[in-house]
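Tertiary structure, described
In case you want the letters, here they are:
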Amino acid sequence: MGAALWRATVVVHRYLGIAVGALMLMWFASGMVMMYVPYPQLSPAQRLQLLAPISPVQCCAASAIRLKDDEPIAAMQIEMRLGRLIARILPEGRPPFFGALDDGPPLAAGAAQARAIALNVAPRITGRSAKIISADILDRDQWTVAEDYEFERPLYRFGFDDGRHTQVYVSGGSGDVVLFTTRAERFWNWFGAVPHWLYFTQLRSNGPLWSKIVIWTSIAGGFLTLIGLYIGISQFRRGPRISPYRGWNCWHHLAGLVFGVLTLTWVVSGTISMNPWGFLEGGGGNERAALGGDPLPWSAWRDSLARLKDDAALAG
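For the structure given in this document, a descriptive report is provided here. (Residues numbered from 1 in each chain as written. Predicted model: local features only at pLDDT ≥ 70, side-chain atom pairs only at ≥ 80, totals over all residues. Heavy atoms only, no water.)

Things to note about the sheet that holds strand β4 (residues 132–138)
What counts is decided by this rule: Here, strands pair whenever DSSP counts at least two bridges between them. Starting at the N terminus, helices and strands are each numbered in turn, a helix being any DSSP run of H or I of at least four residues and a strand any DSSP run of E of at least two. Here an angle of 0 to 180 degrees is reported between the N-to-C directions of two axes, which are lines fitted to C-alpha atoms, with helices fitted over the stretch in contact. What makes two residues a contact is simply this: any of their non-hydrogen atoms within 4.5 Å.
Taken in spatial order, the four strands make up an open sheet running β4-β5-β6-β7, and their pairing is antiparallel. Of all the strands in the sheet, the pair left with one neighbour each is β4 and β7 (177–181). The average undirected angle you get between the axes of adjacent strands in this sheet is 20 degrees. The pairing of strand β5 (residues 155–160) with strand β6 (residues 167–171) spans five bridges and is classified as antiparallel. Paired with Tyr156 across the strands is Val170, a residue of β6. Contacts between helix α3 (residues 111–126) and the sheet are confined to β4, β5, β6 and β7, with β5 contributing the most and set at about 45 degrees to the helix.

In structure tokens form, the structure reads like this:
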């Protein structure tokens with residue numbers, strides 16, 4: 001029984017290594033690339049950089065925003081867009097939307113506005129004036145496949161002639177600039193985040209399936225490493241030759257023991273980062289919501305906007 005179990009362990013390790021070994025190597029190499037070229041995303045600092053300075057003179061007529069006085073609003077942000085003062089409003093339990101804070105016409109959404117927005121922010125992205133050389137509308141592509149953009153679709157994508165082949169994405173729903181990428185970022189991410197996360201567009205479009213595949217392949221990698229460590233430790237010998245193997249098999253035995261523990265912790269931490277089966281979910285409730293308090297009604301936000309017009313500090 002013991003001999004049969006031993007042979008089964010060795011065979012499983014051998015053939016699982018053939019199936020998963022290349023994937024483990026790819027995870028390691030692509031992780032090294034990710035240390036220097038992260039996946040494209042718009043950071044809060046970059047988003048702030050894209051915004052024009054607010055003009056307090058135009059502040060703040062909220063009559064064009066049609067909301068009930070008692071509607072709970074989780075957050076609101078004021079910004080300038082194409083020379084107009086607007087408010088980004090996040091109602092409780094609903095997607096965000098934009099409303100004008102001046103007496104001008106209603107905000108328009110469409111290809112023409114998206115093009116104007118992209119041209120307006122281009123100098124702050126590229127550092128100089130640039131022309132649009134390509135434009136298309138899409139639901140998702142390799143860089144906007146995540147759920148983070150769900151409320152922003154469809155997306156207008158504009159390519160610029162700035163030397164870095166910058167592409168700017170403008171939301172068709174809100175008119176917000178949600179992302180920009182360069183050719184170098186796109187190129188290196190095909191060797192970094194895309195293979196490391198198995199972030200291929202068709203697979204990542206199905207979130208539950210993608211999550212299961214990543215979790216189970218990482219579990220298979222952890223199991224491969226664990227039984228490899230067990231076999232390696234079991235094969236140790238006392239005496240001048242600590243390994244019963246020769247040649248490449250000896251190198252595999254000793255190197256696997258040296259790096260096996262590191263590899264195991266690396267694979268297990270990667271598995272846990274996917275929060276399999278709610279492993280990292282807390283049981284104490286929504287602490288962030290408790291600290292933030294209840295959302296304020298729209299009437300309170302509207303009164304605050306009205307007071308901003310007379311605020312001496314803002315006017316100065």
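Things to note about the environment of Glu152
In this fold, Glu152 is placed in the loop between β4 and β5. In this structure the C-alpha to C-alpha distance between Glu152 and Val178, which are 26 residues apart in sequence, comes to 8.0 Å. Those residues in contact with Glu152 that lie beyond four places of it in its chain are Arg88, Ser171, Gly172, Gly173, Ser174 and Val178.

Some words on the sheet that holds strand β2 (residues 84–91)
Spatially, four strands are ordered β3-β2-β1-β8 in an open sheet, and the strand pairing comes out antiparallel. Edge positions in the sheet fall to β3 (97–100) and β8 (296–297), since each of these pairs with one other strand and no more. Examined bridge by bridge, β2 and β3 share four bridges and lie antiparallel to one another. Of the residues in β3, the one forming a bridge with Ile86 is Ala100.

Let's talk about a nonpolar patch on the surface
Which entries qualify depends on this criterion: Candidates for patches are residues over 30% relative accessible area with no salt bridge; among them, like charges are joined within 9 Å and nonpolar side chains (Val, Leu, Ile, Met, Phe, Trp, Tyr) within 5 Å. Only the protein chains shown count as cover for residues, with accessible areas throughout obtained via the Shrake-Rupley method and a probe of 1.4 Å. Each reported salt bridge corresponds to a side-chain nitrogen of Lys or Arg within 4 Å of a carboxyl oxygen of Asp or Glu.
Together, Leu25, Phe28, Met32, Met35, Tyr36 and Trp266 give the surface a local cluster of nonpolar side chains, amounting to about 710 Å² of exposed area. By residue number, the principal contributor to the nonpolar patch is helix α1 (residues 2–34), which donates three residues.

Let's talk about the layout of surface pockets
Put simply, the rule reads: Cavities and pockets were defined on a 1 Å grid built over protein atoms only: a cavity is a set of grid points that admits a 1.4 Å probe from which the probe cannot escape, a pocket is an open set flanked by protein on both sides within 12 Å along at least five of seven lines, and lining residues are those with an atom within 4 Å of any such point. Grid points are joined across faces, edges and corners, and a volume is the space filled by probe spheres set on the points. The nonpolar class holds Ala, Val, Leu, Ile, Met, Phe, Trp, Tyr, Cys and Pro. Asp, Glu, Lys and Arg form the charged class, and all remaining residues, Gly among them, are polar.
Computed from the structure, the largest pocket encloses a volume of approximately 1100 Å³. For the lining of the largest pocket, the secondary-structure elements that each account for two or more residues are α1, α7 (207–234) and α8 (248–273). Among the elements that take part in the lining of the largest pocket, α8 stands out by supplying 11 residues, more than any other. Among the residues making up the lining of the largest pocket, the classes are represented as 14 nonpolar, 13 polar and one charged. Roughly 420 Å³ of volume is contained in the second largest pocket. Around the second largest pocket, the lining comprises 17 residues; the ones closest to its centre are Gln41, Leu42, Asp148, Tyr149 and Val178. Residue assignment for the lining of the second largest pocket shows that the elements contributing at least two residues are α2 (44–50) and β7. Considering only residue class, the lining of the second largest pocket consists of 11 nonpolar, two polar and four charged.

As far as function goes, none of this settles anything; it's purely spatial.
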